[in-house]
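Chain by chain, the residues run as shown.
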Amino acid sequence: MATVTVNGAQVHYEKTGSGTGPALVLVHGTGSGGAAVNWGQTAPRFTPHRTVITPDLSGTEATVDDGAPLTAEGLAAQVIAVIEDAADGPVDLLGFSMGATVAATVAALRPDLVHRLILVAGWAHTDGDEYLRSFFTLWQDLGTSNPASFGRAVAMTGFSRGFLNSIGHEAFEALIPNMPPTPGTLRHIAYDLRVDIRPLLPRIEAPTLVIGGTQDITVPVEHSRALHAAIRDSSYAEIDAGHVMFFEQEDAFVKLVTDFIA
């Protein structure tokens, strides 16, 4: 475990594994649990062949900051600082959901640091999509008024119906505490409601793979398709899963990522 100071924030990250290629940096999505919740199960699939770096952004329990509103540029600065502190040369950068907006911003602002870019279940802007705006507003409202229902709603919408039915009642109930509506989580959701990285997308130079989930009802797959269309010469793939596709279809996800960065 290590930390790096960025604009007063003490940004936590972990570095594991080994390998001769570029390090793989995994940027988590919304939720104060951060990297451990998103990547705890999946990161070990990459560590036999790669050094894997997992930063915890502001809003997570592991990183301490001043509590100010979050911006794409501010969160990108944290990832940039982690890369400069932990990696030897450009990295393969993967961002999931909220983390996809941050990873895309890093690639646009610091192309020298990004060897390849992977955006998973991401989106470019919230304003203008009434579904997405209302979805995050509902999360925000439930998080402040009904924490138990918030956790259930997040678990219910994070995965496809088929997956939830396949794991059964007890396993579904165990998902509910994974993303509690802490102040940090609510900061992330406020960011999700404001984010707009459209002006940055034409500046991305790194070879890019965009991955969408065909059954994603958190960030519908049309947003991944739009990212692909906006990023010059990007590649595109879909996985038949919900939002947290690396839990539902871990083998398919790992193969897509591994083949792209190989």
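Right above here is the structure, for reference.
Residues numbered from 1 in each chain as written. Predicted model: local features only at pLDDT ≥ 70, side-chain atom pairs only at ≥ 80, totals over all residues. Heavy atoms only, no water.

**Q** Before we move on, could you go through the overall build of the protein and cite the residues and values that matter?
**A** Regarding its fold elements, the protein presents 10 helices and eight strands. A globule of 262 residues ought to have a C-alpha radius of gyration of about 18 Å, and the protein, at 17 Å, matches this closely. For the protein, the C-alpha atoms occupy an extent of roughly 45 × 40 × 35 Å along the three principal directions. Buried residues in the protein amount to 55% of all 262 residues. Here the contacts in the protein between residues at least 6 apart in sequence split such that 76% fall between residues at least 24 apart. (Helix = DSSP H or I, 4+ residues; strand = E, 2+ residues; numbered from the N terminus. Rg over C-alpha atoms; globule rule 2.2 N^0.38 Å. Buried < 20%, exposed > 50% of the residue type's maximum accessible area, 1.4 Å probe, protein only. Contact = heavy atoms within 4.5 Å.)

**Q** Before we move on, can you summarise the packing of helix 2 (residues 72–86) against helix 3 (residues 98–109) with the specific residues and values?
**A** Between helix 2 and helix 3, the least distance of the axes is 8 Å, while the angle of their chain directions is 70°. In terms of orientation, helix 2 and helix 3 fall into the roughly perpendicular class. Facing helix 2, whose interface residues are Ala 72, Glu 73, Leu 75, Ala 76, Val 79, Ile 80 and Ile 83, helix 3 presents Val 102, Thr 105, Val 106 and Leu 109. Here the contact of helix 2 with helix 3 is composed, by residue class, of nine nonpolar, one polar and one charged. (Axes fitted to C-alpha atoms, helices over the stretch in contact; angles between N-to-C directions. Parallel < 35°, antiparallel > 145°, perpendicular 65-115°, else oblique. Nonpolar A, V, L, I, M, F, W, Y, C, P; charged D, E, K, R; others polar.)

**Q** Explain the sheet that holds strand 5 (residues 91–96) residue by residue, including any values.
**A** Strand order across the open sheet formed by eight strands is 1-2-4-3-5-6-7-8, with mixed pairing between neighbours. The two strands at the open ends of the sheet, each matched to only one other strand, are strand 1 (2–6) and strand 8 (235–239). Averaged over neighbouring strand pairs, the angle between their axes works out to 20° when direction is ignored. Here strand 3 (residues 24–27) runs beside strand 4 (residues 51–55); their pairing, made up of two bridges, is parallel. Across the sheet, residue Leu 24 finds its bridge partner in strand 4, namely Val 52. (Pairing = 2+ DSSP bridges.)

**Q** Explain the environment of Val 244 to me, using residue names and the numbers behind them.
**A** With respect to the element layout, Val 244 can be found in the loop between strand 8 and helix 9 (245–248). Residues Val 244 and Phe 96 lie 148 residues apart in sequence; the distance between their C-alpha atoms is 8.7 Å. Residue contacts for Val 244: discarding those within four places in its chain leaves Phe 96, Gly 158 and Phe 159.

**Q** How would you summarise the environment of Ala 241 if you had to cite specific residues and measurements?
**A** Its place among the elements puts Ala 241 in the loop between strand 8 and helix 9. Expressed as a C-alpha distance, the spacing of Ala 241 and Ala 72, which sit 169 residues apart in the sequence, is 27 Å. Excluding residues within four positions of it along the chain, Ala 241 makes contact with Gly 213, Thr 214, Gln 215, Asp 216, Glu 248 and Gln 249.

**Q** Summarise the environment of Val 210; cite the residues concerned and give the values.
**A** If you trace the backbone, Val 210 turns up in strand 7 (residues 208–213). Sequence separation of Val 210 and Ala 229 is 19 residues, and the distance between their C-alpha atoms is 9.8 Å. Contact partners of Val 210, with chain neighbours within four places excluded, come to Leu 119, Ser 224, Leu 227, His 228, Ser 235, Tyr 236 and Ala 237.

**Q** Let's hear about the nonpolar core: which residues, and what values?
**A** Of all hydrophobic cores here, the largest spans 59 residues; its most connected members are Leu 93 and Leu 117. Excluding residues that lie within four positions of it along the chain, Leu 93 makes contacts with Val 25, Val 27, Val 79, Ala 103, Val 106, Val 114, Arg 116, Leu 117 and Ile 118. Listed in part, the 32 residues of the second largest apolar core include Phe 96, Ile 118, Ala 237 and Phe 253. (Core = buried A, V, L, I, M, F, W, Y, C linked by side-chain atoms within 4.5 Å.)

**Q** Account for the packing of aromatic side chains, naming residues and giving values.
**A** The final tally for this structure, using the stated rule, is 13 aromatic pairs. Ring centres of Trp 139 and Phe 150 lie 6.3 Å apart, and the angle between their planes is 65°; on these two criteria the pair is classed as edge-to-face. In this pair, Trp 139 is assigned in helix 4 (residues 130–145) and Phe 150 in helix 5 (residues 147–158), connecting sequence segments 11 residues apart. The exposure class assigned to Trp 139 is buried, which follows from its relative accessible area of 6%. (Phe/Tyr/Trp six-rings, centres within 6.5 Å; stacked < 30°, edge-to-face > 60°.)

**Q** Tell me what's going on with the side chain of Thr 185, and back it up with residues and numbers.
**A** As for its placement among the helices and strands, Thr 185 is situated in helix 7 (residues 183–194). Leave out the neighbours within four places in its chain, and Thr 185 touches Thr 30, Gly 31, Ser 32, Gly 59, Phe 150, Met 179 and Pro 180.

**Q** Tell me about helix 2, and please be specific about residues and values.
**A** The end-to-end C-alpha distance of helix 2 is 21 Å, a good match for the 21 Å that 15 residues give at a rise of 1.5 Å each. Listed as buried for helix 2 are Ala 72, Leu 75, Ala 76, Gln 78, Val 79, Ile 80, Ala 81, Val 82, Ile 83 and Ala 86. (Expected span 1.5 Å × (residues − 1).)

**Q** Account for the pattern of salt bridges, with residues named and values stated.
**A** Across all of its chains, the model carries 11 salt bridges by this definition. Here Arg 45 ties to Asp 251 by a salt bridge, and the two come within 3.0 Å at their closest N and O atoms. A residue pair is termed long-range when its members are at least 10 positions apart, and Arg 45 in the loop between helix 1 (34–39) and strand 4 and Asp 251 in helix 10 (residues 250–261) qualify at 206 residues. The exposure class assigned to Arg 45 is partly exposed, which follows from its relative accessible area of 34%. Glu 173 is paired through a salt bridge with Arg 152; the nearest N and O atoms lie 3.0 Å apart. Residue Glu 173 is found in helix 6 (residues 161–175), and its partner Arg 152 is found in helix 5; the two are separated by 21 residues along the sequence. According to the relative accessible area criterion, Arg 152 is partly exposed, its value standing at 38%. (Salt bridge = Lys/Arg side-chain N within 4 Å of Asp/Glu carboxyl O.)

Geometric values such as these leave the question of function open.
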